[in-house]
Amino acid sequence: MRRRTFLTVTGACLTTALLPALGACSDNRPPVSIGLITKQETNPYWVTLRKVAEDTAHKAGATLTTATGDSDVDVESQRAALNDMVAKGVNGILIAPTDSKALDADIQTARDKGITVIALDTPMDPQETTNAYFGTDNTRAGELVGQYARAKIDELGLAPQVMMLNLAPGIASGENRGTGFRDGFGMPSDSSWVAGQADTQGDQATAQQAMAEALGRSPEINVVYAVNEPAALGAVEALKAAGKDLAKVVVVTIDGGCETMKNAVRPGDIDATAMQFPQNMAREGVEAIVAKVREGREPSGYLATGTELVSGSPAPGVTSKNVEYGVRTCWGGWEEARTP
C-alpha cells in the first residue's frame, strides 16, 4: 500500500482523508457530510477533481471524506470505500466508478439507506444506478477527435492505419470514447483501417509498451487514438523510439491536462485533445449534495460538464480551440503551464 498522509480505511487497500471545513462548528446551516471516491492519483486529472471538491466543500461549510485507489480498474478499493462511507452515515457520495457494473449492489445499498450517490466522470450502466451522473459527454469527445483525425490524415493524403489505445472492458467512459472516435472518423466496426487495439488502463507505461509492440507488427501505423493523455504520452514515446516522423502520424486523445497541453500539444507531438473539465464535475457534485441536504433539491439525470477540441494544428473543416486557449483553461498544475 502506498504511504500517504491520510487516515486509512480499515480493511481496504485504499486511503482516506477527513477534511472538516474550517469554521463549520460556528455555521448555523445544517451539517453536510460528503464522500468522494476517485480512481487513483497518478493522473493529475483525479488530483484536480479532488482538490476542487475539497475547496468547494470548504466554502460550503461541508465535511468531505476522500478515498482513492491504485489504478483506473481498482474495483475492490472503491467497494471498501463505499461500504466505509455508508457505515459512517454520510449524506452523499460522489464516485468515479472503476467499473460501470461491478459496484451496482454497493451503490444500491447506499441509496437504500437514503444516501444520495452521484457518478462523476464515468457513468454506471445503467446510468440510473446512481441518482445522477455529472461528466463529459464521452461519445462526443471521441467524435471530436475522430473527426479531427480523419480530416488531418486526409489532408496528409495518407491511407489511414489506426492504432486504438483503449481503456479497459466494462468502463463506460472509455467504451463511449472509442465508439465516438470510430463514428467521428467514419470507421465501420470491421474496418481494415484498424491496424491494432490494446487496453491500456489509462496508464502511460502500459500504453508505451502496447504501442511499441504494435509498431513492430504494423510499422505503417499513421493514426493513434488514445483514450486519455497518459496513454497518448506513452504512444508518443514509442513513436519517437521507433524513429517515426511525427509530422506524418496523427495522434489524438482526450483530457486537457496542463502538462500535456504545454509539453505535447503545443510542440505538436499530440495533434489534438478533447479537453474535459473535472473541476466542473467536482464543484457541481459537491454543490448538488449540499443543496439536497439544505434545500431538499434532488439531483437527477445527466449533467454534461463540457468538452472542447484543442489543437495547435487545425484540421480542414473541423472547429477547434488554439493552444493558447488550452493553456489558459487546462487543469492540473495550471500555474506552471501558464509560465512562458
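The structure presented is a predicted model; accordingly, all values stated were derived computationally and were not measured.

Caption draft 1: Region of the structure containing the state of the cysteines. Taken as a whole, this structure holds one disulfide when the rule is applied. Bridging C258 to C330, the disulfide has an S-S length of 2.1 Å. Taking the torsion about the S-S bond as the criterion, the C258 to C330 disulfide, at about 95°, is right-handed. Of this pair, C258 sits in helix α8 (residues 258–265) while C330 sits in the loop between α10 (323–329) and α11 (334–337), placing them 72 residues apart in sequence.

Caption draft 2: Structural view of the environment of V250. Note that V250 resides in strand β11 (residues 250–255). Residue V250 is classed as buried on the basis of its relative accessible area, which comes to 1%. If we skip the residues at most four places from it in the chain, V250 touches Y148, A149, K152, I153, L156, N222, V223, V224 and D271.

Caption draft 3: Examining empty space enclosed by the protein more closely. Enumeration according to the criterion identifies three cavities of 30 Å³ or more in this entry. Estimates place the volume of the largest cavity at around 120 Å³. Along the wall of the largest cavity there are 14 residues; nearest its centre are W46, D72, D121, R177 and N228. Contributing elements (two or more residues each) for the lining of the largest cavity: α1 (44–60) and α5 (172–185). The dominant element in the lining of the largest cavity, judged by the number of residues it contributes, is α5, at three residues. Split into classes, the residues belonging to the lining of the largest cavity amount to four nonpolar, five polar and five charged.

Caption draft 4: Seen up close, the packing of α1 against helix α9 (residues 278–295). The interhelical angle for the contact between α1 and α9, taken along N-to-C directions, is 35°, at an axis separation of 8 Å. In this structure, α1 crosses over α9, and the sense of that crossing is right-handed. Of the residues in α9, those touching α1 at Y45, T48, L49, V52, A53, T56, A57 and A60 are P278, Q279, M281, A282, R283, V286, E287, V290 and R294. Of the residues that constitute the contact of α1 with α9, the class distribution is eleven nonpolar, three polar and three charged.

Caption draft 5: Main features of the pairing of strand β8 (residues 162–166). Counting buried positions along β8 gives five out of five residues, so the element sits mostly inside the fold. Here β8 shows a buried face lined by V162, M164 and N166 and a second buried face lined by M163 and L165. Between the parallel pair β8 and strand β9 (residues 194–199), the chain is carried across by α5, and the sense of this crossover is right-handed. Here β8 pairs with strand β10 (residues 223–226) via four bridges, running parallel. Bridged to M163 within β10 is V224.

Caption draft 6: The arrangement of the pattern of salt bridges in detail. This structure, assessed with the given rule, holds 13 salt bridges. Its salt-bridge partner being E54, residue R50 comes within 2.9 Å of it at the nearest N-O pair. Residue R50 and its partner E54 are both found in helix α1; the two are separated by four residues, about one turn of the helix. The network of salt bridges with shared partners includes E41, R50 and E54.

Caption draft 7: View of the packing of helix α6 (residues 204–217) against helix α7 (residues 229–241). Taken N-terminus to C-terminus, the directions of α6 and α7 make an angle of 40°; their axes are 7 Å apart at the nearest point. Here α6 lies oblique to α7, going by the angle between them. As for how α6 packs across α7, the hand of that crossing is right-handed. In this structure, α6 uses Q204, A207, Q208, M211, A212 and L215 to contact α7, whose residues at the interface are P230, A231, L233, G234, A235, E237, A238 and L239. Its residues assigned to classes, the contact of α6 with α7 shows ten nonpolar, three polar and one charged.

Calculation rules
Residues numbered from 1 in each chain as written. Predicted model: local features only at pLDDT ≥ 70, side-chain atom pairs only at ≥ 80, totals over all residues. Heavy atoms only, no water. Disulfide = S-S within 2.5 Å. Helix = DSSP H or I, 4+ residues; strand = E, 2+ residues; numbered from the N terminus. Buried < 20%, exposed > 50% of the residue type's maximum accessible area, 1.4 Å probe, protein only. Contact = heavy atoms within 4.5 Å. 1 Å grid on protein atoms, 1.4 Å probe; cavity = no way out; pocket = protein on both sides within 12 Å on 5 of 7 lines; lining within 4 Å. Points joined across faces, edges and corners; volume = space filled by probe spheres on them. Nonpolar A, V, L, I, M, F, W, Y, C, P; charged D, E, K, R; others polar. Axes fitted to C-alpha atoms, helices over the stretch in contact; angles between N-to-C directions. Left-handed = near helix turned anticlockwise from the far one by under 90°. Right-handed = clockwise from strand over helix to strand, strands pointing away. Pairing = 2+ DSSP bridges. Salt bridge = Lys/Arg side-chain N within 4 Å of Asp/Glu carboxyl O. Parallel < 35°, antiparallel > 145°, perpendicular 65-115°, else oblique.

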